[in-house]
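So the chains spell out like this:
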Amino acid sequence: MAGTVLGLTACTAVLALVLHPFQVRAVRVLEGYWDRWEVTSRLAGVLVEVQRRKREGLRASGVGYTQPSVATGVERLGEQARAERGYVRAERIRVSAMRRLGPELDPSSLLPTALGNALRAGELAAGERYGLATLASWPRIYMQVSRRMVQALDETRDALDAAVNLCHSFLAIALVLAVALHDEPGEWWIPVSATVLSALSYKGAVIAAQSYSGLMLVVYDLHRFDLLKALHYRLPDSTEEWGLFSQLSDLFVAGGGAHARHQAERTVNWPYDHGGSGPDDGDGSTGA
């Protein structure tokens, strides 16, 4: 048995190393980007509906409980204690559900897996709360984050990647061993164990993805104005913030080329701020 466990561990480590160069694709497979093939595309539609109902169930968790009123009398005090315990339990369930759900997702944006929706919650909400398109602005704002934030993001992403690799590795081993040991019932525990470990790894990947999405929200909370400073735009007040970030999102999404230049000139109408040393300082020129 020790040799079997050692061999299983070695195979898992080797497969994880082989998968490393294909890390992005490995994550996207578990996220549920399956539109390239007809069979998986149809399966994705079914699983999206499962995810939608699951999220609705989580959102309803703990709903219906209200803070019990103050009671008098021995019997009513006992009833109130039970009601308070029920309320506290329901509140814990509600808070846990909100943490797992993350920001609200439009039903049309749902992916067929929990991992995909955990990451999408950050990708479609982190910057959008301020008017920034997250996917287009993330490479730019990431360069402005603090060292501690970079460390937290990298550690969480490494945990996500490691869990995804382990999930794929254990699943591949389970499939191979299921075929190899199909006529040896006494050894069926080995592929079953590999399958359980694959499921646990996937659960770990979902938890890491939820943490990563949460950190993405924090990045935009703390560093969105650092992005403007890096671009040398004047900082807006509260009434101007949404409009400026929306204009920048249009610029980022447009990409490069002459068309993008035209879009920038038309949409980003905001003065530069070079800290008092640039040629555009104070002259009301617009960002392009």
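Draft legend 1. Focus on the side chain of His-223. Of note, His-223 is situated in helix α8 (residues 189–230). Leave out the neighbours within four places in its chain, and His-223 touches Ile-141, Gln-144, Val-145 and Ser-146.

Draft legend 2. Inspection of the environment of Tyr-233 at higher detail. Its place among the elements puts Tyr-233 in the loop between α8 and α9 (241–254). Given a relative accessible area of 4%, Tyr-233 falls into the buried group. Residues Tyr-233 and Trp-270, 37 residues apart in the sequence, show an inter-C-alpha distance of 7.0 Å.

Draft legend 3. Representation of the nonpolar core within the structure. Counting residues in each nonpolar core, the largest one holds 39 residues, and the members touching the most others are Leu-115, Trp-138, Leu-160, Val-164, Val-219, Tyr-220 and Leu-248. Where this core is concerned, the elements lending two or more residues are α2 (23–31), α5 (114–123), α6 (134–142), α7 (147–180), α8 and α9. For this core, the leading source of residues is α8, giving 12 residues. The residues touching Val-164, leaving out its near neighbours within four places in the chain, are Gln-23, Ala-26, Val-27, Leu-30, Leu-115 and Ala-205.

Draft legend 4. The packing of α5 against α8, seen in detail. The geometry of α5 relative to α8 is characterised by a closest axis approach of 8 Å and an angle of 5 degrees between their N-to-C directions. The angle between the axes of α5 and α8 places the two elements in the roughly parallel class. Contacts between α5 and α8 involve Ala-114, Leu-115, Ala-118, Leu-119, Gly-122 and Glu-123 on the former and, on the latter, Tyr-202, Ala-205, Val-206, Ala-209, Gln-210, Tyr-212, Ser-213 and Met-216. Its residues assigned to classes, the contact of α5 with α8 comprises 10 nonpolar, 3 polar and 1 charged.

Draft legend 5. Representation of the packing of α7 against α8 within the structure. One way to put it is that α7 packs onto α8 with a least axis distance of 7 Å and a crossing angle of 160 degrees. Overall, the two elements α7 and α8 adopt an arrangement that is roughly antiparallel. Along this stretch, α7 crosses α8, giving a crossing that reads as left-handed. Looking at the contact of α7 with α8 residue by residue, the class counts come to 28 nonpolar, 6 polar and 1 charged.

Draft legend 6. Molecular detail of the pattern of salt bridges. For the coordinates displayed, the defined rule picks out 8 salt bridges. We note a salt bridge from Glu-49 to Arg-52, for which the minimum N-O separation is 2.4 Å. Residue Glu-49 and its partner Arg-52 are both found in helix α3 (residues 38–59); the two are separated by 3 residues, about one turn of the helix. Judged by its relative accessible area of 29%, Glu-49 falls in the partly exposed class. Of the charged contacts in the structure, one is a salt bridge between Glu-240 and Arg-234, with a shortest N-O distance of 3.7 Å. Residue Glu-240 is classed as partly exposed on the basis of its relative accessible area of 25%. A relative accessible area of 31% means that Arg-234 is categorised as partly exposed. One network of salt bridges, with partners in common, ties together Glu-49, Arg-52, Arg-53 and Glu-56.

Draft legend 7. Focus on α5. Most of α5 sits out of view: 9 of its 10 residues are buried. Buried within α5 are the following residues: Leu-115, Gly-116, Asn-117, Ala-118, Leu-119, Arg-120, Ala-121, Gly-122 and Glu-123.

Cut-offs and rules
Residues numbered from 1 in each chain as written. Predicted model: local features only at pLDDT ≥ 70, side-chain atom pairs only at ≥ 80, totals over all residues. Heavy atoms only, no water. Helix = DSSP H or I, 4+ residues; strand = E, 2+ residues; numbered from the N terminus. Contact = heavy atoms within 4.5 Å. Buried < 20%, exposed > 50% of the residue type's maximum accessible area, 1.4 Å probe, protein only. Core = buried A, V, L, I, M, F, W, Y, C linked by side-chain atoms within 4.5 Å. Axes fitted to C-alpha atoms, helices over the stretch in contact; angles between N-to-C directions. Parallel < 35°, antiparallel > 145°, perpendicular 65-115°, else oblique. Nonpolar A, V, L, I, M, F, W, Y, C, P; charged D, E, K, R; others polar. Left-handed = near helix turned anticlockwise from the far one by under 90°. Salt bridge = Lys/Arg side-chain N within 4 Å of Asp/Glu carboxyl O.

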